[in-house]
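# Architecture and fold: a report
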Amino acid sequence: MSCNVTSVKIEKGRRVRLKVDLSVAGGDSLEKSTVEYIQGAGTMLPGLEKVLEGLETGAKRDGVIKAKDAFGNPAMHPLKKMKRSEFPKDVKLEVGEKLVAQGVNKLNVIMKIEKIAGDEVEVRLVHPLHDKDIKYSVEVIQVSDPRPPPMPAKAL
């Protein structure tokens, strides 16, 4: 009986572990670590998922993701409803206006005003790197099926 091992390709639903080195093109390093994620679950940059699609364990890729496919994708920028009272009194609120707020881990968050209705202000939380191209270097360590293997019939 021979055991036929086929390599698993990265596709939607697969668990992927990879070494990743991300930086702003021509700028600061963002992340250099080993990450694990599920392909297609929306936790990885869409542009990077596209590059990784179809790769196998051991594959390496380097390149640049355009801003719109990295943090600049408006679909990735959540909307948040806030009260007028949450903004400083002297700030003039107008639709289209962008305000900068201190976010967690010292990263600034850009709030773009989308709608004002009475005392309620709807803002889009825009990533501070939304207008930056992202340089990447990745190495696929492991690709697996996230589901547990089926139980052997005699164990049931």
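I will try to describe carefully the structure that is included in this document. The residue numbering used here restarts from 1 in each chain and proceeds along that chain's sequence as written. Restriction of local features to residues with pLDDT of at least 70 applies here, the model being predicted, together with a cutoff of 80 or more for giving and counting side-chain atom pairs; totals for whole chains, interfaces and linings are based on all residues. The basis for every side-chain value is the complete set of heavy atoms in the structure, and neither hydrogens nor water enter the calculation.

## Examining the overall build of the protein chain
Rules: Strands are runs of DSSP state E lasting at least 2 residues, helices are runs of H or I lasting at least 4, and numbering of each runs from the N terminus. In what follows, residue pairs with any heavy atoms lying within 4.5 Å of each other are defined as contacts. Using the Shrake-Rupley algorithm and a 1.4 Å probe, accessible areas are obtained, with residue cover drawn only from the displayed protein chains.
Assigned secondary structure in the protein chain consists of one helix and eight strands. Going from N to C terminus, the protein chain has its helices and strands arranged as β-β-α-β-β-β-β-β-β. In the protein chain, the proportion of contacts linking residues at least 24 apart, taken out of those at least 6 apart, comes to 58%. Carbon together with sulfur atoms contributes 54% to the accessible area of the protein chain, which is approximately 10,400 Å² in total.

## Quick word on the pairing of strand β6 (residues 108-117)
As a reminder, the rule being used: One bridge is not enough; two strands pair if DSSP finds at least two bridges between them.
Where strand β5 (residues 98-102) and β6 come together, five bridges link them in antiparallel fashion. Of the residues in β6, the one forming a bridge with V100 is I110. Here β6 pairs with strand β7 (residues 120-126) via seven bridges, running antiparallel. In the sheet register, I116 faces β7, and the bridge partner there is V121. The loop that links β6 with its antiparallel partner β7 comprises two residues; one of these, G118, has a positive phi angle of about 60 degrees.

## Some remarks on the layout of surface pockets
Note the cut-off: In this analysis, the protein atoms alone were mapped onto a 1 Å grid. Cavities are point sets where a 1.4 Å probe fits without being able to get out; pockets are open sets with protein on both sides within 12 Å along at least five of seven lines; lining residues have an atom within 4 Å of a point. Grid points are joined across faces, edges and corners, and a volume is the space filled by probe spheres set on the points. Residues are grouped as follows: Ala, Val, Leu, Ile, Met, Phe, Trp, Tyr, Cys and Pro are nonpolar; Asp, Glu, Lys and Arg are charged; every other residue, Gly included, is polar.
The calculated volume of the largest pocket comes to roughly 300 Å³. At the level of secondary structure, the elements contributing two or more residues to the lining of the largest pocket comprise β1 (15-24) and β2 (29-38). The element that contributes the greatest number of residues to the lining of the largest pocket is β2, accounting for five residues. Of the residues assigned to the lining of the largest pocket, the class counts are eleven nonpolar, two polar and two charged.

## A short note on the sheet that holds β2
In plain terms, the rule: Fitted lines through C-alpha atoms give the axes, limited to the stretch in contact for helices. The angle between two N-to-C directions lies from 0 to 180 degrees.
Spatial ordering of the open sheet is given by β2-β1-β8-β3, a layout of four strands whose pairing is antiparallel. Because the sheet does not close on itself, it has two edges, and the strands there are β2 and β3 (60-65). When strand polarity is set aside, the average angle formed by the axes of neighbouring strands in this sheet is 20 degrees. Pairing of β1 with strand β8 (residues 134-144), which is carried by ten bridges, proceeds in the antiparallel orientation. By the bridge assignment, V20 is partnered in β8 with V138.

## A look at the sheet that holds β6
Strand order across the open sheet formed by four strands is β4-β7-β6-β5, with antiparallel pairing between neighbours. Strands at the two margins of the open sheet, each flanked by one partner only, are β4 (79-83) and β5. Within the sheet, the average angular offset between the axes of one strand and its neighbour, ignoring direction, is 40 degrees.

## Some words on the side chain of R14
Selection rule: Three labels apply to residues, based on accessible area from a 1.4 Å probe with only protein chains included: buried if under 20% of the type maximum, exposed if over 50%, partly exposed otherwise in between.
Tracing the sequence through the fold places R14 in the segment before β1. A relative accessible area of 19% means that R14 is categorised as buried. The residues touching R14, leaving out its near neighbours within four places in the chain, are V8, K9, Y37, I38, Q39, V143, S144, D145 and P146.

## Looking at the nonpolar core
So the rule is basically this: Remark: nonpolar core denotes a set of buried residues (Ala, Val, Leu, Ile, Met, Phe, Trp, Tyr, Cys) joined through side-chain atoms within 4.5 Å.
I10, L18, L48 and L52 are the most contacted members of the largest nonpolar core, which totals 23 residues. Counting eight residues, the second largest nonpolar core, distinct from the first, contains M82, L99, M111 and V123.

## Some thoughts on the environment of G40
Position of G40 among the secondary structure elements: in the loop between β2 and α1 (46-52). Residue G40 is classed as partly exposed on the basis of its relative accessible area, which comes to 34%. Separated by 13 residues in sequence, G40 and E53 place their C-alpha atoms 9.5 Å apart. Residues in contact with G40, not counting those within four places in the same chain, are K12 and E49.

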